[in-house]
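# Commentary on secondary and tertiary structure
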Amino acid sequence: AERKAAAEEAALARPTGRPSVLDREAFHYLRAVSHVRLRQFRRAEEPLQRCLALNPNHAEALNTLAYLWACRGENLPRAERYVRRALAQEPENAAYRDTLAWVLHRLGRDGEALAEIVRARETLPRDQEIDAHWREISGAVRGGAPSAGE
C-alpha cells in the first residue's frame, strides 16, 4: 500500500520527463481500477496485464485479475496461481484470501474454499462481499443453500 501511494505521488509530482517504471505501473493499475469501478471488467484486463508486465509481483494487480477471472469462471488455474502469489506477499490480506476462496469454489474445491473464506471472515468480519461468498461456499459444502440465519 505504501509503495502504491508513493508511486501515485511520484506520478503526480513529475510534470516533465519520461515516466519511471513505477509511474507506468501505477498508471496501468489505476486505469484498471477505474474500469472495475465503472463495471467495465473486460476492459480492466489489459491495463492489469500491462501492470504485471512491468512488475510481475504487483500483489493488487495479481489479486484483481484473479478475481475478475474467477467471477467469469475463466483462466481458473492461472487465477489460483496469481492470487497465491499475492497471498505470499500479504498472507493476512482478507481480500486476497476471499479471492482464493472464490477461485477454489469456482474450481469445485469447496472444502478448501470454505477454509479460506473462514480465514477471510476472521480477518475482516462483517464485510458484505466476504459474507456473501461465505454463504455461497458454505451452502455448496452442505449441498444446498445456506440457512436464512447465516
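All values reported here derive from a predicted model rather than from experimental measurement.

## Some points on the overall build of the chain
Along its length, the chain carries 8 helices and 0 strands. Listing every helix and strand of the chain by position from the N terminus yields α-α-α-α-α-α-α-α. Sequence-distant contacts in the chain: of pairs separated by 6 or more residues, those separated by 24 or more amount to 47%. Summing over all exposed atoms, the chain offers an accessible surface of approximately 8500 Å²; the carbon and sulfur share of this is 52%.

## Re the side chain of Glu-80
Relative to the helices and strands, Glu-80 resides in helix H5 (residues 76-89). A distance of 2.9 Å separates the side chain of Glu-80 from the side chain of Arg-109, its partner in a polar contact.

## Let's talk about the nonpolar core
Counting residues in each nonpolar core, the largest one holds 35 residues, and the members touching the most others are Leu-48, Tyr-82 and Ile-117. Breaking this core down by element, the ones donating at least two residues are helix H2 (21-37), helix H3 (41-54), helix H4 (59-72), H5, helix H6 (94-106), helix H7 (110-123) and helix H8 (128-142). When residues in this core are grouped by element, the largest group, 9 residues, is from H4.

## A few points about the environment of Leu-62
The residue Leu-62 is located in helix H4 in this model. In this structure the C-alpha to C-alpha distance between Leu-62 and Tyr-82, which are 20 residues apart in sequence, comes to 5.2 Å. Dropping the residues within four chain positions of it, Leu-62 is found in contact with Leu-52, Pro-56, Asn-57, Tyr-82, Arg-85, Ala-86 and Gln-89.

## Concerning the packing of H3 against H4
Relative orientation of the contacting elements H3 and H4 amounts to 145°, with a least axis distance of 10 Å. Considering the relative orientation of H3 and H4, their crossing is left-handed. Seen from H3, the contacting residues are Phe-41, Arg-42, Ala-44, Glu-45, Leu-48, Gln-49, Cys-51 and Leu-52; seen from H4, they are Ala-61, Leu-62, Thr-64, Leu-65, Leu-68, Trp-69 and Arg-72. The residue makeup of the contact of H3 with H4, split by class, is 10 nonpolar, 2 polar and 3 charged.

## Some points on the pattern of salt bridges
This structure, assessed with the given rule, holds 11 salt bridges. For Glu-46, the salt bridge identified is with Arg-50, shortest N-O distance 2.1 Å. Here Glu-46 and its partner Arg-50 are both found in helix H3, 4 residues apart, which amounts to about one turn of the helix. Among the residues examined, Glu-46 registers a relative accessible area of 32% and is labelled partly exposed. One continuous salt-bridge network, built from bridges that share partners, spans Arg-42, Glu-45, Arg-72 and Glu-74.

## A few points about unusual backbone geometry
Here Asn-75, not a glycine, exhibits a phi torsion of approximately 50°, which is positive. The residue Asn-75 is located in the loop between H4 and H5 in this model. Although it is not a glycine, Arg-126 sits at a positive phi angle of roughly 65°. Along the polypeptide, Arg-126 turns up in the loop between H7 and H8.

Each value, and the rule that gives it
- Residues numbered from 1 in each chain as written.
- Predicted model: local features only at pLDDT ≥ 70, side-chain atom pairs only at ≥ 80, totals over all residues.
- Heavy atoms only, no water.
- Helix = DSSP H or I, 4+ residues; strand = E, 2+ residues; numbered from the N terminus.
- Contact = heavy atoms within 4.5 Å.
- Areas by Shrake-Rupley, 256 points an atom, 1.4 Å probe, with all protein chains shown as cover.
- Polar contact = N/O pair within 3.5 Å; in protein donor to acceptor, adjacent residues only side chain to side chain.
- Core = buried A, V, L, I, M, F, W, Y, C linked by side-chain atoms within 4.5 Å.
- Buried < 20%, exposed > 50% of the residue type's maximum accessible area, 1.4 Å probe, protein only.
- Axes fitted to C-alpha atoms, helices over the stretch in contact; angles between N-to-C directions.
- Left-handed = near helix turned anticlockwise from the far one by under 90°.
- Nonpolar A, V, L, I, M, F, W, Y, C, P; charged D, E, K, R; others polar.
- Salt bridge = Lys/Arg side-chain N within 4 Å of Asp/Glu carboxyl O.

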